[in-house]
Amino acid sequence: MWLFKNRHGHWQQRLSAYLDAQLEPLERRKLEQHLASCTSCQEELESLRATVALLQRVPQVAVPRSFRLIEEPMPVGAPWTVRYMVPLRYAAAAAGLLFLVVAVGDLMTSDGGLTGPVPPSQEQDAVSPSPAAAPVTEAASQEIEAPSALSAVPEEEVLPEAARVAPSKAATEPEGDERTLLSRTLGWLAAALGVLFVALAVPVSLQWWLKRRAPLEP
Amino acid sequence: MDDEHQLIDRSQHGDLAAFNKLVDRYQTQAYNLALRMLGDEALAADAAQESFISAYRAIKGFRGGNFRSWILRITANSTRDLLRAAKSRRALSLEALETDSGALPHSSEESPEEQVLRSELGSEIQRCLEALHHDQRLALVLIDIQGFSYEEAARITGASLGTVKSRLSRARHQMRDGLRAVPELLPDKFRLE
Ligand SMILES: [Zn+2]
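Within any chain, residue numbers begin from 1 and follow the written order of that chain's sequence. For naming, the first written chain is A and the first written ligand is 1, with later ones following in the order written. With pLDDT at 70 or above as the cut-off, local features in this predicted model cover only qualifying residues; side-chain atom pairs require 80 or more to be listed or tallied, and sums for whole chains, interfaces and linings still use all residues. Excluded from the side-chain calculation are hydrogens and water; included are all heavy atoms of the structure.

**A closer look at the side chain of R172 of chain B**
Link 1 in the chain: Only runs of H or I of at least four residues qualify as helices and only runs of E of at least two qualify as strands under DSSP, and these elements are numbered from the N terminus. Tracing the chain through its elements places R172 of chain B in helix 9 (residues 161-180).
Link 2 in the chain: At 2.9 Å, the side chain of R172 of chain B forms a polar contact with the side chain of S16 of chain A.
Link 3 in the chain: For R172 of chain B, the residues in contact, after removing those within four places along its chain, are S16, L19, D20, L48, T51 and V52 of chain A together with L140, I143, D144 and Y150 of chain B. A 3.5 Å cut-off defines polar contacts: any pair of N or O atoms within that distance qualifies, except that in protein one atom must be a possible hydrogen donor and the other a possible acceptor, and neighbouring residues in sequence count only when both atoms are side-chain atoms. Any two residues having at least one pair of non-hydrogen atoms within 4.5 Å are treated as being in contact.

**Quick word on the nonpolar core**
All names here are of chain B.
Link 1 in the chain: One finds F19, F67, W70, I125 and M175 to be the most contacted residues of the largest nonpolar core, which totals 63 residues.
Link 2 in the chain: At 13 residues, helix 2 (residues 16-38) tops the list of elements feeding residues into this core.
Link 3 in the chain: Where each domain begins and ends follows an automated or database-derived domain assignment. Counting residues domain by domain, this core receives three or more from each of domain 1 (1-88) and domain 2 (92-193). Nonpolar cores are built from buried Ala, Val, Leu, Ile, Met, Phe, Trp, Tyr and Cys residues. Side-chain atoms within 4.5 Å join them into one set. Per-residue accessibility, obtained with a 1.4 Å probe over protein chains only, is compared with the maximum for each type, and a residue is labelled buried under 20%, exposed over 50%, and partly exposed between these values.

**Brief notes about the coordination of the zinc ion**
Residues and elements named next belong to chain A.
Link 1 in the chain: In this listing, donors mean N, O and S atoms no farther than 2.8 Å from the metal, or 3.2 Å for Na, K and Ca; water is missing from the atoms, so a site can look incomplete. Those donors, H8 (ND1), H34 (NE2), C38 (SG) and C41 (SG), are the protein atoms that reach the zinc ion, and they lie 1.9 to 2.3 Å from it.
Link 2 in the chain: For the zinc ion, the four donor atoms are set out with angles of 101 to 127° between them, so the coordination reads as tetrahedral.
Link 3 in the chain: Sequence positions of the residues that donate to the zinc ion give the spacing H-x25-H-x3-C-x2-C. As far as burial versus exposure is concerned, H34 and C38 are alike and both buried. A four-donor site is classed as tetrahedral when every donor-metal-donor angle falls between 85 and 135 degrees; four donors are called square planar, and six octahedral, when trans pairs exceed 155 degrees and all remaining angles lie between 65 and 115, with any other arrangement labelled irregular.

**A look at the packing of helix 4 (residues 67-89) of chain B against helix 8 (residues 150-157) of chain B**
In a packed pair of helices, the relevant descriptors are the angle between the two axes and the axis-to-axis distance.
All names here are of chain B.
Link 1 in the chain: At a minimum axis distance of 8 Å, the contact between helix 4 and helix 8 shows a crossing angle of 50°. Relative to helix 8, helix 4 is oriented oblique. Relative to helix 8, helix 4 is oriented so that their crossing is right-handed. Every residue of helix 8 that contacts helix 4 at R68, S69, L72 and R73 is listed here: E152, R155, I156 and T157. In this analysis an axis means a line fitted to C-alpha atoms, helices contributing only their contacting stretch, and an angle means the value between N-to-C directions, from 0 to 180 degrees. Comment on the angle field: the value is read as roughly parallel under 35 degrees, roughly antiparallel over 145, roughly perpendicular from 65 to 115, and oblique elsewhere. For any pair of crossing helices, the crossing counts as left-handed if the nearer helix is rotated counterclockwise from the farther one by less than a right angle, and right-handed if it is rotated clockwise.

**Considerations on helix 9 of chain B**
Along an α-helix, residues three or four apart share an orientation, since each turn contains 3.6 residues.
Link 1 in the chain: Helix length check: helix 9 of chain B, at 20 residues, gives a terminal C-alpha distance of 29 Å against a target of 28 Å (1.5 Å per residue), a fit within 8%.
Link 2 in the chain: Along helix 9 of chain B, the positions that sit buried rather than exposed are V164, R167, L168, S169, A171, R172, H173, M175, R176, G178, L179 and R180 of chain B. By definition here, a helix of n residues has an expected span of 1.5 Å times n minus one.

**Considerations on the interface of chain A and chain B**
Link 1 in the chain: Of the residues lining the interface, 39 residues belong to chain A; the matching set on chain B comes to 54 residues.
Link 2 in the chain: Two parts placed together each lose some accessible area; with a 1.4 Å probe, that loss summed over both constitutes the buried area. Here chain A and chain B share an interface that buries about 4200 Å² over both sides, 61% of which is from carbon and sulfur atoms.
Link 3 in the chain: The salt bridge criterion pairs a side-chain nitrogen of Lys or Arg with a carboxyl oxygen of Asp or Glu, the two atoms within 4 Å. Linking chain A with chain B are three salt bridges.
Link 4 in the chain: Salt-bridge contacts for R172 of chain B lead to D20 of chain A; the nearest nitrogen and oxygen are separated by 2.9 Å.
Link 5 in the chain: Our enumeration of links across chain A and chain B arrives at 15 residue pairs in polar contact (both at pLDDT 80 or more).
Link 6 in the chain: For the side of chain A that touches chain B, the secondary-structure elements that each account for two or more residues are helix 2 (15-19) and helix 4 (39-56) of chain A.
Link 7 in the chain: When residues of the side of chain A that touches chain B are assigned to their parent elements, the largest contribution, 10 residues, is made by helix 4 of chain A.
Link 8 in the chain: Charged means Asp, Glu, Lys or Arg here, nonpolar means Ala, Val, Leu, Ile, Met, Phe, Trp, Tyr, Cys or Pro, and polar covers whatever is left, Gly included. Here the residues of the side of chain A that touches chain B sort into 21 nonpolar, nine polar and nine charged.

**Re the side chain of E152 of chain B**
Link 1 in the chain: With respect to the helices and strands, E152 of chain B occurs in helix 8.
Link 2 in the chain: Setting aside residues up to four positions removed in sequence, E152 of chain B forms contacts with N66, R68 and S69 of chain B.

**Focus: helix 8 of chain B**
Link 1 in the chain: Burial of helix 8 of chain B is extensive: six of the eight residues sit out of reach of the surface.
Link 2 in the chain: Taken together, the buried positions of helix 8 of chain B are occupied by Y150, E152, A153, A154, I156 and T157 of chain B.
Link 3 in the chain: Residues of helix 8 of chain B that are buried sit in contact with helix 2 of chain A together with helix 4, helix 7 (134-145) and helix 9 of chain B.

**A few points about the packing of aromatic side chains**
All names here are of chain B.
Link 1 in the chain: Note on aromatic contacts: the rings of Phe and Tyr and the six-membered ring of Trp form a pair at centre separations within 6.5 Å, being stacked when their planes are under 30 degrees apart, edge-to-face when over 60 apart, and tilted otherwise. Per the stated rule, a full pass over the model turns up six aromatic pairs over all chains.
Link 2 in the chain: Aromatic side chains F62 and F67 sit 5.3 Å apart centroid to centroid with 85° between the ring planes, which places their arrangement in the edge-to-face category. You'll find F62 and F67 in the same group, each marked buried.
Link 3 in the chain: Here F62 and W70 contribute two aromatic rings whose centre-to-centre distance is 5.1 Å and whose plane-to-plane angle is 55°, an arrangement assigned as tilted. For the pair F62 and W70, a shared accessibility class is recorded, and that class is buried.

Take it as geometry only, folks, not as evidence of what the structure does.
So this is what it looks like as structure tokens:
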């Protein structure tokens, strides 16, 4: 009995392929032999045939609208960019603020010794991370992500405050030396140039980085 | 199709108009595939649109072969992703999928016979389709409803010919069993038992 049932199962698994003439010739002939003497498998075959006939009559429907693309889809990186844009703005603002605090702090804590060599090296520190590190790491690219307008915000907000603090502290210090004053001015100028350079480098490297990402496949 | 080769080549060089001609050519098949897989017109439209966007982004990587299979493979993947997302988010209750999606949508030029099929029997067919496992449903929709060959179904699904055969066989048996539950809607051949 079990053997009998199993044999039907064996053939019934092949009925679908048989309907589409997908059986090997030998197997097809064996199945046809079995069908000739088995009403159960014959019925099974006919019900499958009817099922397929029914499915073939399911109509194709017209599209509800055109699926043409109206414009170039955003590059694959775009959703990522958009998703992280807000946190990145804060990160960039924080980085800008930190830079200013460090720069100002450095200027104010170091006395007369702050002459020529230091501000340029500072400028180098400020500049090197963005263009060079841009394509290398995700972390670096996050820094670059922020648009210039936004990284300019903390600069504008902080500078007046820093400017207010700096003279008052300077006034308490017994230094009227013209050489120190000059070096201090130069230091400020260098810091401002550094900030300006970062602000300019950010959009340029961002654009460059996005261009590099765009051709990548999903 | 030489013409198609040109359209693909131009699309690969960023020609959106050329790509849109390919969209015109395959959007009906893509939409219908998504519709039978998802059973919901709005979701199917999303899947079709999403698949053409993905296809445009990825077209530079298309290295010849059958373009229709390539497009429909992207569509099939979109429907899978949409279903998965919908299920995990529970944004779509299963109930909504089962009831709203029931009736087969209106076809522009259908015969009276097709209208009948679209109504009650159409809903039954769609209900039975949605009860199938995704891969089995895909094989059955491609071959029995959309009329593709086993070979093309294998290309679209990325499965072997043997796998397609056995998925289709299981799907047909299950469809047959499901439809037997509503004998009053069926042609005589179903009323065997
Ligand atoms: Zn038998």
